[in-house]
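For reference, the chains in residue letters:
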Amino acid sequence: MKKDKASQVKISRDNPKTDKTDITISDQFPIVGIGASAGGLEALEGFFINVPENSGMAFIVIQHLSPDHKGILGELLQRVTKMQVYTVTDRMKVSPNCVYVIPSNKSMSILNGELHLFKLVEVHGPRLPIDFFFRSLAIDQKEKSIGIILSGMGSDGSLGLKAIKEQSGLVMVQDPESAKFDSMPRSAIDSVVVDIVASVNELPESLIKLIQHSPKSLIKEELEKDSSSLDKVIILLRNHTGNDFSQYKKNTMYRRIERRMGVHQLNKIAAYVRYLQENPTEADILFKELLIGVTNFFRDNVVWDYLKDNVFPDLFAGVADRYTIRAWIPGCSSGEEAFSLAIVFKEALEKSNLKKSISFQIFATDLDISAIDKARKGIYPENIINDVSPERIKRFFTKTNDQYRVNTEIREMVVFASQNVIKDPPFTKLDILSCRNLLIYIEPDLQKKILSLFHYSLIPGGILLLGSAETRGTHGDLFSVINSKLRIYRRSGLAQKDEFFNFSSSLLSNKAGTSESQLLGNIPNNIQTFTDQLLLQQFSPASALTTDKGDILYLTGNIGKYLTPAAGKANMNLFAMAREGLRNDLSIAFRKSLQNYEKTILHNVKIETEGGNRFIDVTIQQIIKPLVLKNKILVIFSDVEASKTLSSKQSKEKIKDYGLGAHLEIELKTIKEELETTREEMQTSQEELKSTNEELQSNNEELQSANEELTTSKEEMQSLNEELQTVNAELQSKIDDSVRINNDLNNLLNSSEIATLFLDKEFNIRQFTISATKIFKLRKVDIGRPFTELVTDLIYPEIYHDSMTVLLSEDFIEKEISTTDKHWYNIRITPYKTFENKMDGLVITFIDITKSKYLEEKLKNSQMMFQSFIEFLSEGIISLSTDGTVTAFNQAAEKIIGMERNQVLGNNYYNLFIPASMRNKIETDMQKLLGGLLSNKYKSYIKTINNEELQIEWATHKHLDDQTTLIGIIENSFNK
């Protein structure tokens, strides 16, 4: 039966296409990526034995394989599943209800449902095929992607799961407790919010239930209809976490809530609201899901190269000789983005070879406190080598076990803090602001406000860096483009738009508006505008642009023929400046034009000028667009030829009715005089009211200016306070870490009972253990004193010289030194090195070896007594150690054998005295003697110096030390 299945697998590899009549290939079926390493075969078998034959899913297995190893995983898996198992060939189409296994010596990717194989390339660390495939699966299948991590060593797959999670895919992990090797599952759980954690036997059932749950579209429709329940979810999140997601993009909210409902097998949003109320832990999980804390080092490499080669050099050139570049990264997640920016700055600064003293300060913030805690440690799994070059790994990272830690020089550039960019005060006076892939998750209105906030935070000319899917939107006037493709912008110096002033922090107040006359009077200084102005002056009719009160804002053409300044205080009002004969008709027509937007025209108006009477036409029009000129009035004056003013018929009628006209003219003149008097009185009152209003307006402007200054000072204080709180939180975290590490070290050193002194480069005491007080007269107040001033019983006058030697050579010195009270210590002087392997002092340890010295002396005395004793014997004595080395040889033995003691002691007995033909037998017999298998009376042969063979009868004894441990095997007494 096994043989038949094996042959079936072979045929399947040669003919990978499935029968299309049996399976309908659909773009909607789920594709499951499964990553495994050490112990993975057992986990994979346990997984697939529980997967039904018609699950409707495709499974792609990625396992770590040796490049020169012929994979048989396909055959092994075919034994436990009825699904067809294929070893992948290039461009193989993925079909449901099939299992695909990566071949050895290849890496694999997926595009449009097809599997593509790549030759392995040399890498500077462990190969990470699971991450490589999972990333391509996330891009290809998006929210349909599913990633599963089973047993394995290392951290491969963690970054790939992040990519799947970013696309709202499903993530499952084998329970580490059930995994043969739990490193990969634990790394995955630490990296992302895992949807399902279960044993390999339970994972298939959980996966199938989740896939077969109600369709997403139905849940989304319910969410869209039941806005009340969605609002309740937002309220519960706000109450539990303190963060408001009401302006989060609804589609993102839908996808995350759908995923959590699927995990808990809930069909109704109302049921999920109730579950959320009853389980506070679910609120934490949903909160983390919504944050989508997905990032990696040097994301979009071309962006970082452009920063290093173009942006930073320009920035360096424009700053003072001593300057601190300030940067802010909102939504920093676990810190990779912040450290990437610090590394690129360091590289750009080293490349520029500037003589300026430029430092870099990065404020990195995020809502997720756990992500901030992880970022502060600066420790990342070894799979970051996929994103970080070998040169940068060597230069900026230190490897500890299977992890990499960012070096201190980079970590010290970054201050991490928890912050809500929407409601907390921002950082200000920034040179660089990097906000990548945060704006895409929030609504457009909030995007606009945050971009206005960023404009406020940056100094003029500051750099704004956005994500690849984000733009400056409608804020083209606030940010100019540096590189539109890479989403790099520069802050302009223009004032911010009005919508910014509605931001929750009221970061800016609306400044006193520039007067309309100033706004309209600022004429751009360029050739086109100059030409337009010239044409207006030469050929266009005279005109005046006024407010609805008649105050003149702008004049064109030869306006002096129609308007003239009135005597007295300067008054730029249209009615005050109108020439005699125009004021009355102009006032009536002006009021009429204010009532509607229709054009009003006065024909043949007679005005008095210095050169006599003149007839003119006046056109009055209220402006609708543009908005900045809305409700303004445009008055246009044009001359009329005198010959056209009256027709011949009108002239005759005028001559005929001259008498009546003269009378009416007198009455009209009287009425005009009265009207003029009334108008003057009204204008006088208006002037007084206007003067009072101007004074009030002036006072108001002063108060508003003072209020703006106070508001600005308040915002600066808020920003400064936020920075201080951030720095304080960072320092407090470092202090807590230092205290904990210090306690651990103190307990470790004190529990070892090894006296230890820590010295700086000047040999001043940094720290000491309790055991050191038995050797030196030490107290806590002695910290900081030179250790050479301490009183000690050590007979070691060379200690200072030896310490200086170690400091200069960076090598250790070890000696055995006694004290005046007959104690002995093994003293070891070693260099004290920092985390960056820099010499920073000495460590001197004192190990008490008094007992060992006593035993050694006792042993020497015993040997001397033994040697003295055997010298008086007439019989030859040879004593051997357990390995056959001669340890004793008396004078009688010298005479019998003909060799001196110094030729024998320390050499191997069998090499010296046993004939080659008998060596194996005698050496075996000696071991039997040692084991008590032969009689103590033993006869053997021995070779003299003259190669004579003597038969000797041996009397054997075992040598034991004080602890009854065997140290010698035989004492031989013999005669020739």
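The present account deals with the structure reproduced in this document.

From N to C terminus, the protein includes 30 helices and 36 strands. Counting every position in the protein, which comprises 976 residues, the buried fraction comes to 44%. Within the protein, contacts between residues separated by at least 24 positions form 62% of all contacts whose residues are at least 6 apart in sequence. Carbon together with sulfur atoms contributes 52% to the accessible area of the protein, which is approximately 52,300 Å² in total.

The five strands lie next to each other as β27-β26-β30-β29-β28, forming an open sheet whose pairing is antiparallel. Every interior strand has two partners, whereas the edge strands, β27 (765-768) and β28 (813-818), have only one. Strand-to-strand twist in this sheet, taken as the mean axis angle between neighbours without regard to direction, amounts to 20°. When strand β29 (residues 824-833) meets strand β30 (residues 839-848), the two strands line up antiparallel, connected through eight bridges. Of the residues in β30, the one forming a bridge with arginine 828 is threonine 845. On top of the sheet, helix α25 (residues 799-809) reaches β28, β29 and β30; it is set at about 135° to β30, its chief contact.

What follows deals with the pattern of salt bridges. Applying the stated rule across the entire model yields 28 salt bridges. Its salt-bridge partner being aspartate 195, residue arginine 260 comes within 3.8 Å of it at the nearest N-O pair. Of this pair, arginine 260 sits in helix α10 (residues 250-263) while aspartate 195 sits in the loop between α6 (183-191) and β10 (196-198), placing them 65 residues apart in sequence. Across this residue pair, the class does not change: arginine 260 and aspartate 195 are buried. Across the salt bridge formed by glutamate 347 and lysine 308, the nearest N and O atoms sit 3.6 Å from each other. Note that glutamate 347 is positioned in helix α14 (residues 336-352) and lysine 308 in helix α13 (residues 301-317), a separation of 39 residues in sequence. Residue glutamate 347 is classed as buried on the basis of its relative accessible area of 15%. It is possible to trace a salt-bridge network through shared partners that takes in Lys165, Asp195, Arg260 and Glu282.

Within the element layout of this structure, alanine 417 appears in strand β16 (residues 414-418). For the pair alanine 417 and isoleucine 372, spaced 45 residues apart in sequence, the C-alpha to C-alpha distance is 6.5 Å. Residues contacting alanine 417, with those up to four places away along its chain left out, are Ala364, Thr365, Asp366, Ile372, Arg376 and Thr726.

Turning to the pairing of strand β11 (residues 322-330), a few remarks are in order. Examined bridge by bridge, β11 and strand β12 (residues 357-366) share nine bridges and lie parallel to one another. Following the sheet pairing, isoleucine 329 is matched in β12 by alanine 364. Traced from β11 through α14 to β12, the parallel crossover comes out right-handed. By the bridge criterion, two bridges tie β11 to strand β17 (residues 430-435) in an arrangement that is parallel. If you follow alanine 327 over to β17, its bridge partner there is isoleucine 432.

Taken together, the side chains of Val727, Leu731, Ile735 and Val739 make up a nonpolar region of the molecular surface, amounting to roughly 310 Å² of accessible area. The residue valine 739 is located in helix α24 (residues 658-752) in this model.

A separate point is the packing of aromatic side chains. If you walk through the whole model with that rule in mind, you get 26 aromatic pairs. Centre to centre, the rings of phenylalanine 763 and tyrosine 800 are 5.4 Å apart; their planes meet at 90°, and the pair counts as edge-to-face. Of this pair, phenylalanine 763 sits in the loop between β26 (755-759) and β27 while tyrosine 800 sits in helix α25, and the two are 37 residues apart along the sequence. Phenylalanine 763 gets classed as buried once you look at its relative accessible area, which sits at 4%. Pairwise contacts between aromatic rings join Phe297, Phe298, Trp304, Phe339, Tyr380, Phe397 and Phe416 into one cluster. Note that arginine 392 overlies the ring of phenylalanine 298, its terminal NZ or CZ placed 4.0 Å from the centroid. Sitting over the face of the ring of phenylalanine 812, arginine 828 holds its NZ or CZ atom 3.9 Å from the ring centroid.

Turning to the packing of helix α11 (residues 269-278) against helix α12 (residues 280-291), a few remarks are in order. It is at 5 Å that the axes of α11 and α12 come closest, and there the two elements cross at 110°. The orientation of α11 with respect to α12, classified from their angle, is roughly perpendicular. In this structure, α11 uses Tyr272, Tyr275, Leu276 and Glu278 to contact α12, whose residues at the interface are Pro280, Glu282, Ala283 and Leu286.

Together, Glu687, Glu688, Glu694 and Glu695 line one region of the surface with negative charge. Looking at the element boundaries, glutamate 688 is found in helix α24.

Attention now moves to the sheet that holds β16. Read across the sheet, seven strands follow the order β16-β12-β11-β17-β18-β20-β19 without closing on themselves; strand pairing throughout is mixed. Each having just a single partner strand, β16 and β19 (479-483) make up the two edges of the open sheet. For this sheet, the mean inter-axis angle between neighbouring strands, taken without regard to orientation, is 20°. Strand direction decides the pairing type here: β17 and strand β18 (residues 458-466), joined by five bridges, are parallel. Counted as the bridge partner of cysteine 435 is leucine 466 from β18. Where helix α15 (residues 369-377) meets the sheet, it contacts β12 and β16, and its direction lies at approximately 160° from that of β16.

So, about the side chain of serine 145. Within the secondary structure, serine 145 sits in strand β8 (residues 145-149). Polar side-chain contacts of serine 145 include one of 2.6 Å to the backbone oxygen of lysine 142. With residues up to four places along the chain from it excluded, the contact list for serine 145 reads Ile31, Leu137, Ala138, Ile164, Gly169 and Leu170.

Between its terminal C-alpha atoms α12 stretches 17 Å, which fits the 16 Å expected from 12 residues at 1.5 Å a residue. Looking only at α12, the buried set comprises Glu282, Ala283, Leu286, Phe287, Glu289 and Leu290. Take α12 and look down its axis: the buried residues cluster within an arc of 160°, on one side only. In the segment just after α12, isoleucine 292 is the residue with positive phi, at about 50°.

With that settled, consider unusual backbone geometry. Non-glycine residue serine 333 carries a positive phi angle of around 55°. With respect to the helices, strands and loops of the structure, serine 333 is situated in the loop between β11 and α14. Judged by its relative accessible area of 8%, serine 333 falls in the buried class. In this structure, asparagine 353 is a non-glycine residue whose phi angle is positive, near 55°. Its location among the elements puts asparagine 353 in the loop between α14 and β12.

All right, on to the packing of α13 against α14 then. Running from amino to carboxyl end, α13 crosses α14 at an angle of 60°, the nearest separation of the two axes being 9 Å. Classified by the angle between their axes, α13 and α14 sit oblique to one another. Of the two possible hands of crossing, α13 and α14 adopt the one that is right-handed. Facing α13, whose interface residues are Trp304, Leu307, Lys308, Asp309, Phe312 and Phe316, α14 presents Glu337, Ser340, Leu341, Val344, Phe345, Glu347, Ala348, Leu349, Lys351 and Ser352. Across the contact of α13 with α14, the residue classes tally to nine nonpolar, two polar and five charged.

Let's shift gears to the nonpolar core. Counting 47 residues, the largest nonpolar core has Phe312, Phe360 and Phe397 as its most contacted members. Every residue in contact with phenylalanine 312, bar those within four places of it in the chain, is listed here: Leu307, Leu341, Val344, Phe345, Ala348, Phe360 and Ile432. Met253, Tyr254, Leu430 and Leu439 belong to the second-largest nonpolar core, a separate cluster that totals 43 residues.

In terms of burial, strand β21 (residues 542-546) is largely enclosed, as five of its five residues are buried. The two faces of β21 match: Ala542, Ala544 and Thr546 on one face and Ser543 and Leu545 on the other face are all buried. Of the strand pairs in this sheet, β21 and strand β22 (residues 552-556) are connected by four bridges, and their pairing is antiparallel. Bridging across to β22, serine 543 finds its partner in threonine 556. What sits between β21 and β22 in their antiparallel hairpin is a turn of five residues, with glycine 550 showing a positive phi close to 90°.

The next point concerns helix α7 (residues 203-211). Here α7 has its buried residues at Leu203, Pro204, Leu207, Ile208 and Leu210. The buried residues of α7 occupy an angular sector of 165° when the element is viewed end-on, so they sit on one face.

It is worth spelling out the environment of glutamate 610 at this point. With respect to the secondary-structure elements, glutamate 610 resides in the loop between β23 (600-609) and β24 (612-622). For glutamate 610, a relative accessible area of 69% puts it in the exposed group. When the C-alpha positions of glutamate 610 and lysine 561 are compared, they lie 9.0 Å apart, and in sequence the two are 49 residues distant.

Rules used throughout
- Residues numbered from 1 in each chain as written.
- Predicted model: local features only at pLDDT ≥ 70, side-chain atom pairs only at ≥ 80, totals over all residues.
- Heavy atoms only, no water.
- Helix = DSSP H or I, 4+ residues; strand = E, 2+ residues; numbered from the N terminus.
- Buried < 20%, exposed > 50% of the residue type's maximum accessible area, 1.4 Å probe, protein only.
- Contact = heavy atoms within 4.5 Å.
- Areas by Shrake-Rupley, 256 points an atom, 1.4 Å probe, with all protein chains shown as cover.
- Pairing = 2+ DSSP bridges.
- Axes fitted to C-alpha atoms, helices over the stretch in contact; angles between N-to-C directions.
- Salt bridge = Lys/Arg side-chain N within 4 Å of Asp/Glu carboxyl O.
- Right-handed = clockwise from strand over helix to strand, strands pointing away.
- Patch = residues over 30% accessible without salt bridge, like charges linked within 9 Å, V, L, I, M, F, W, Y side chains within 5 Å.
- Phe/Tyr/Trp six-rings, centres within 6.5 Å; stacked < 30°, edge-to-face > 60°.
- Lys NZ or Arg CZ within 6 Å of the ring centre and 35° of its normal.
- Parallel < 35°, antiparallel > 145°, perpendicular 65-115°, else oblique.
- Lys, Arg positive; Asp, Glu negative; His and termini not counted.
- Charge placed at Lys NZ, Arg CZ, Asp CG, Glu CD.
- Polar contact = N/O pair within 3.5 Å; in protein donor to acceptor, adjacent residues only side chain to side chain.
- Expected span 1.5 Å × (residues − 1).
- Arc of directions from axis to C-beta.
- Left-handed = near helix turned anticlockwise from the far one by under 90°.
- Nonpolar A, V, L, I, M, F, W, Y, C, P; charged D, E, K, R; others polar.
- Core = buried A, V, L, I, M, F, W, Y, C linked by side-chain atoms within 4.5 Å.

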